[in-house]
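Structure assessment
Okay, here's what each chain looks like letter by letter:
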Amino acid sequence: MESALTARDRVGVQDFVLLENHTSEAAFIENLRKRFKENLIYTYIGSVLVSVNPYKDLEIYTKNHMERYRGINFYEVSPHIYAVSDNSYRSMRTERKDQCILISGESGAGKTEASKKILQYYAVTCPASDQVETVKDRLLQSNPVLEAFGNAKTLRNDNSSRFGKYMDIQFDFKGAPVGGHILNYLLEKSRVVHQNHGERNFHIFYQLIEGGEEDLLRRLGLERNPQQYQYLVKVGRSRVSLYAGRGNCGVLASTVFCLCVCVSQGNCPKVSSINDRSDWKVVRKALSVIGFSEDEVEELLNIIASVLHLGNIQYGGEDSGNAYITTDTQIKYLARLKSPLNLEQASSARDALSKAVYGRTFTWLVNKINVSLAYKNASVIGLLDIYGFEVFQHNSFEQFCINYCNEKLQQLFIELTLKSEQDEYEAEGITWEPVQYFNNKIICDLVEEKFKGIISILDEECLRPGDASDITFLEKLENTVGGHAHLTTHKLTDGKTRKVMGREEFRLLHYAGEVNYNVNGFLDKNNDLLFRNLKEVMCMSDNKILTQCFDRAELKDSRRPETAATQFKTSLAKLMEILMSKEPSYVRCIKPNDAKQAGRFDEVLIRHQVKYLGLMENLRVRRAGFAYRRHYETFLQRYKSLCPETWPSWQGKLADGVSTLVKHLGYKPEEYKLGRSKIFIRFPKTLFATEDALETRKHSLGERESHVSHAVVVQAWWKGILACRRARRRREAANTIRRFIKGFIYRHNERCPENEYFLDYVRYSFLMKLRRNLPKTVLDKSWPTPPTALIEASERLRKLYMQNMVWGYCKKINPEWKHQLEQKMVASEIFKNKKDNYPQSVPKLFVGTRLNGEEINPKVLQSLGSEKMKYAVPVTKYDRKGYKARPRQLLLTSNSAVIVEEAKLKQRIDYAALKGISVSSLSDGVFVLHVPTEDKKQKGDVVLQSDHIIETLTKVAICADKVNSININQGSITFTMGQGREGIIDFTSGSELLVAKAKNGHLSVTAPRLNSR
Ligand SMILES: Nc1ncnc2c1ncn2[C@@H]1O[C@H](COP(=O)(O)OP(=O)(O)OP(=O)(O)O)[C@@H](O)[C@H]1O
Ligand SMILES: [Mg+2]
């Protein structure tokens, strides 16, 4: 863990933020040098990777190395391009946020190599399937194709990318690379027609001539000798004349304007580091892997050959000033057509055509690759391999565009780095301390602002009629933005600067330093015009690629095409948008020397790059707050042995552990801050002191090392077992969920393997629910609703359970309660659903008697003799005549019902003689005891009223065994008054109880209405 930190004395610091003197450029370069000498080409500035081109193959890109960086926090191992790749990949996977890796640096610094290493890392380490294999191959093979057509040998780099490239690598939800998309920027088209001495044209020309099969070359009319082609090697001045002709020179079917032209080419067809013949094979194979048909390849090569032919057209001048073609070969291919252009115009027209054809073919090629890599809805990692700041002796339009691009990228860097720093502080609850930095927006505005920016002024000069020239452009600049703090010209500046500036130059003070631009050629390069009739002929070509490149719609469009600078500005704005939507990582590449030599560290050259890459500014922003930050767990794990309370393990909260540890180590409050999950250490020296303490501690721990290593083995085993258990549990959980879902789908089917688990679960869960929700008392009728399959079983269970509960209930009943219930049962039999006041009686217990011994006259008791009194209750008796109400007592003995008036036994009705009992169905308490009329002892039926009618009559029914002789009547009761006369009691409902004689001579009983029956 953080192994390189412990070895820092030997190889400097692996992260520049740990440089004690972080503002010193010398210390910065010294650290680079130290590491470079040890072949440590990578160093971080926080999360930015600085890479120095080793110019030799280092054994650090093997599969083993890739494995080492997989899934590891990038500070845990020494800095590497794979660590950045892996970090972006994991962020994309875990945070679901698109990523981009921005690679910058000057020509030859190793940008393209870095981007290839990243691509290879993903190709090897990401999950794959058959289809993915094809995409992976295409992604990898797009490189040799793009390099053949877009790279060239320059003085700085034998394989220099002459275009900017942004490539999206697309990943599916499993993290497998499944597609890609490429955007290309600003191809250096001028190279097609002109190269500096010692440089070459694009590789493809040489590859075709060196590697192309005899047959192919014959068909294309080419010779296997680059010396034959003006655009490749020849240097000289020819007298030429201008023609425009149509022919079948392969493709161009050209209208060619020719003139006297001074051709000065690279004259460098052979390069020791390049094997064109074997590269040709690689490119041919790559084209077919990407999906080019044989016909398409032939058409593409036709175009390449035609550009070479075009370059070879030689001309002679007529006395009139017009030009004519002098080369036989070309005349063979080109029909004559005289043109009124003069020599210079014809020269630029020819070259403009070559550039346009090549440039558009290149764009077509990129689009074609994009089609073969197309994929939708993916997560993305973008790779930007784009020209770094360029500062030459002479800087022109191209450098202006490139440096403008770098200003934009710097702005993005500042915004995103500061923002992510700020976000982290906020997330950790640490106060943000504003960072002083130079905001280069002012320079971006100077270049791109509408109407008054340099590009707008340049466009205006290009478009305005009249005698616009590069010089008038310079004057306009002076007039419009001459006062700007970041721009000056020869005329505007002071004497000292004037000495180092040409009259045709303007100087921009870029964020990274000053650059003088020579305005010569700005207008032409910005216009990038092609004669209309040349375009027309291109549209008529038989070559399918060319007809796609030159669209007829373009001819009809009368608007002036966008200028090169405006196009570039627009595409840059789009690029910024793309990059803004992603989480960036940065790789800053440095070239150690101009000689492309291994082991040479040219300090002057490197200082220049450190400046123009803005590395010191990067470091300043990154070091503005805290030099070092780590998660509590990581920090504690590493340093816990330094404090007795935290060693060997800390049981409490991590934050408390770290706090205890740093206090023990004597950190001062200003040296560190504790966030929510991380510790922030302000100065590297604090960390180094801790590291040194750790080193010392390790030695003392060394003696116990063998024990520790045993412990480590045991620990590893135990961790392994725990991990296995966790994995098994996860697997089982996933299986259960799967089976459950399947079972749910098949739940209505017959029991089958797919649903048995689910059905069993449903049963089980019903039974469990039932267990928790069983009725608590015999009266509780609730019961959980069963699933369909269990309706019958549930019903049986319910009955069983109820029986059981009732049985248990009965077992617990005592004799008194049993007696009570028996009486209640009888009452229920007689009155339930028949008499209105029955329900009210149910909860009221029946008492043994309503009159005790003292309340009954002793004489009455005496006259009852040995007859046992079972129940007594006060009642009201209604006279047979006049229905007068008289208070009486009703006594029930074992043999008879006795009506008592104080001491007098008024009437005794033997149970045997009791014919029946009548009551109404209403809520009144009136009842009639019917006695036989023939019995002379009896005076007729007795009309009584009790306040406890249900209880009284139940007692009567039980004592007299007359349960079945109680009649419940609706409306009225007829009774016998004696001597054969009959009386009638009418029952009605009313608000309250009222018993009185009615006018019709009946006894009228009004029973109070009750709410329920
Ligand atoms: N990591 C590396 N290991 C070994 N050699 C390297 C490495 N990086 C770069 N080189 C060497 O440096 C050369 C130039 O690198 P590269 O083409 O990547 O530069 P570049 O930054 O893309 O330049 P340009 O802007 O011109 O395209 C490579 O051809 C290779 O020989
Ligand atoms: Mg490159």
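The model shown is predicted, which means the values in this text are computed figures rather than measured ones. (Residues numbered from 1 in each chain as written. Chains lettered and ligands numbered in written order. Predicted model: local features only at pLDDT ≥ 70, side-chain atom pairs only at ≥ 80, totals over all residues. Heavy atoms only, no water.)

Our next topic: the packing of aromatic side chains. Given two aromatic rings, one states the distance between the centres and the angle between the planes to describe the pair. In total, this model carries 34 aromatic pairs according to the counting rule given. An aromatic cluster is built from Tyr61, Tyr69, Tyr82, Tyr89, Tyr121, Tyr122 and Phe171, whose rings are joined through pairwise contacts. Lys685 extends its terminal NZ or CZ atom over the ring of Phe683, reaching a point 4.9 Å from the ring centre. The aromatic ring of Phe846 is capped on one face by Lys824, whose charged end is 4.1 Å from the ring centroid. (Phe/Tyr/Trp six-rings, centres within 6.5 Å; stacked < 30°, edge-to-face > 60°. Lys NZ or Arg CZ within 6 Å of the ring centre and 35° of its normal.)

In this section: the UniProt feature "binding site: ATP" (unreviewed entry) in the protein chain. Taking the UniProt record as the reference, the feature "binding site: ATP" (unreviewed entry) is found at Gly105, Glu106, Ser107, Gly108, Ala109, Gly110, Lys111 and Thr112. Its location among the elements puts Gly105 in strand S3 (residues 99-105). Look past the residues within four positions of Gly105 in its chain and what remains in contact with it is Lys111, Ile386, Tyr387, Gly388, Cys589 and Leu613. Within the secondary structure, Ala109 is located in the loop between S3 and helix H6 (111-125). In this structure, Ala109 is in contact with Asn53, Cys589, Ile590 and Lys591, ignoring residues within four places of it in sequence. (UniProt positions renumbered as here; feature names shortened; annotations may be inferred. Helix = DSSP H or I, 4+ residues; strand = E, 2+ residues; numbered from the N terminus. Contact = heavy atoms within 4.5 Å.)

Let's shift gears to the sheet that holds strand S29 (residues 981-990). As summarised here, the arrangement of the four strands in space is S28-S29-S31-S30, forming an open sheet in which the pairing is mixed. Each edge of the open sheet carries a strand with a single partner, namely strand S28 (972-978) and strand S30 (994-997). Sheet twist, expressed as the average angle between the axes of neighbouring strands with direction ignored, equals 20 degrees. In this structure, S30 lies alongside strand S31 (residues 1003-1008), joined through four bridges in antiparallel fashion. Note on S31: the bridge partner recorded for Lys997 is Leu1003. (Pairing = 2+ DSSP bridges. Axes fitted to C-alpha atoms, helices over the stretch in contact; angles between N-to-C directions.)

With respect to the helices, strands and loops of the structure, Tyr375 is situated in the loop between helix H13 (343-373) and strand S12 (379-385). What makes Tyr375 partly exposed here is its relative accessible area of 32%. Placed 240 residues apart in sequence, Tyr375 and Val135 show a C-alpha to C-alpha distance of 9.8 Å. With near-sequence residues (within four places) excluded, Tyr375 lies in contact with Gln170, Asp172, Val178 and Gly179. (Buried < 20%, exposed > 50% of the residue type's maximum accessible area, 1.4 Å probe, protein only.)

Before going further, it helps to spend a moment on the pattern of salt bridges. Pairs can form between side chains of opposite charge whenever their charged atoms are close. For the structure shown, the criterion picks out 52 salt bridges. Asp528 is paired through a salt bridge with Lys189; the nearest N and O atoms lie 2.7 Å apart. With Asp528 in the loop between helix H19 (522-527) and helix H20 (532-539) and Lys189 in the loop between strand S7 (177-185) and helix H8 (203-211), the pair connects residues that are 339 residues apart, well separated along the chain. When the shortest N-O distance is used, the salt bridge between Asp351 and Arg350 registers 3.3 Å. You can call Asp351 buried: its relative accessible area is 14%. A single salt-bridge network, built from bridges that share partners, covers Glu460, Glu461, Arg464, Asp467 and Lys476. (Salt bridge = Lys/Arg side-chain N within 4 Å of Asp/Glu carboxyl O.)

With that settled, the discussion passes to a positive patch on the surface. On the surface, a cluster of positive charge is made up of Arg725, Arg726, Arg729 and Arg730. Assignment of secondary structure puts Arg725 in helix H29 (residues 705-745). Of the residues examined, Arg725 reaches a relative accessible area of 35% and is grouped as partly exposed. (Patch = residues over 30% accessible without salt bridge, like charges linked within 9 Å, V, L, I, M, F, W, Y side chains within 5 Å. Areas by Shrake-Rupley, 256 points an atom, 1.4 Å probe, with all protein chains shown as cover. Lys, Arg positive; Asp, Glu negative; His and termini not counted. Charge placed at Lys NZ, Arg CZ, Asp CG, Glu CD.)

Together, Ile737, Ile741, Phe744, Ile745 and Tyr746 give the surface a local cluster of nonpolar side chains, amounting to about 500 Å² of exposed area. Within the element layout of this structure, Ile741 appears in helix H29.

It is worth spelling out the coordination of the magnesium ion (ligand 2) at this point. For the magnesium ion (ligand 2), every protein donor is listed as Thr112 (OG1) and Ser161 (OG), and the spread of their distances is 1.9 to 2.0 Å. Here Ser161 lies in strand S5 (residues 160-161) and Thr112 lies in helix H6, a separation of 49 residues in the sequence. Given the relative accessible area of 13%, Thr112 is considered buried. Judged by its relative accessible area of 19%, Ser161 is buried. (Donors = N, O, S within 2.8 Å, 3.2 Å for Na, K, Ca; no water.)

Turning our eyes to something else, we now look at the pairing of S7. Pairing of strand S6 (residues 164-171) with S7 involves eight bridges; the strand directions are antiparallel. Paired with Tyr166 across the strands is Leu183, a residue of S7. Connecting S6 to the next strand, S7, in antiparallel fashion are five residues, including Gly175 with a positive phi near 90 degrees.

Inspection of the secondary structure assignment puts Lys824 in helix H32 (residues 815-831). For Lys824, which is buried and forms no salt bridge, the nearest opposite charge comes from Glu951, at a distance of 7.3 Å. Lys824 has contacts with Tyr838, Ser841, Val842, Lys844, Leu845 and Phe846, leaving out every residue within four places of it along the chain.

Before going further, it helps to spend a moment on the packing of helix H16 (residues 454-463) against helix H17 (residues 470-481). Following both chains from N to C, one finds H16 and H17 inclined at 140 degrees, their axes separated by 10 Å at the closest point. Relative to H17, the element H16 lies oblique. At the point where H16 passes H17, the crossing takes the right-handed sense. Contacts between H16 and H17 pair Ile454, Ile457, Leu458, Glu460 and Glu461 from the former with Thr472, Phe473, Lys476, Leu477, Thr480 and Val481 from the latter. Tallied by class, the residues present in the contact of H16 with H17 amount to six nonpolar, two polar and three charged. (Parallel < 35°, antiparallel > 145°, perpendicular 65-115°, else oblique. Left-handed = near helix turned anticlockwise from the far one by under 90°. Nonpolar A, V, L, I, M, F, W, Y, C, P; charged D, E, K, R; others polar.)

The next point concerns helix H35 (residues 949-959). Counting buried positions along H35 yields ten of eleven residues, so the element is predominantly enclosed. Three or more residues of H35 are buried, namely Ile949, Ile950, Glu951, Thr952, Leu953, Thr954, Lys955, Val956, Ala957 and Cys959. Two residues or fewer past H35, Asp961 is found with a positive phi of approximately 55 degrees.

Looking now at the pairing of strand S24 (residues 916-920). Counting buried positions along S24 gives five out of five residues, so the element sits mostly inside the fold. The alternating pattern of S24 places Gly916, Ser918 and Ser920 and Ile917 and Val919 on opposite faces, both of which are buried. Summarising the sheet, S24 and strand S25 (residues 926-930) pair through four bridges and their orientation is antiparallel. Within S25, the position partnered with Val919 by the bridge is Phe927. As consecutive antiparallel partners, S24 and S25 are separated by five residues.

Next up on the list: the site of ligand 1. Around ligand 1, the surrounding shell holds 17 residues, and the nearest of these are Ser107, Lys111, Thr112, Ser160 and Ser161. Between ligand 1 and Glu113, the relevant distance is 2.8 Å, taken from an oxygen atom to a main-chain nitrogen or oxygen of the residue. Relative to its unbound accessible surface of 630 Å², ligand 1 loses 86% to contact with the protein. Counting only elements with at least two residues in the shell around ligand 1, the list comes to H6 and S5. At three residues, the largest contribution of residues to the shell around ligand 1 is made by H6. Of the residues that constitute the shell around ligand 1, the class distribution is four nonpolar, nine polar and four charged. (Near = heavy atom within 4 Å. Polar contact = N/O pair within 3.5 Å; in protein donor to acceptor, adjacent residues only side chain to side chain.)

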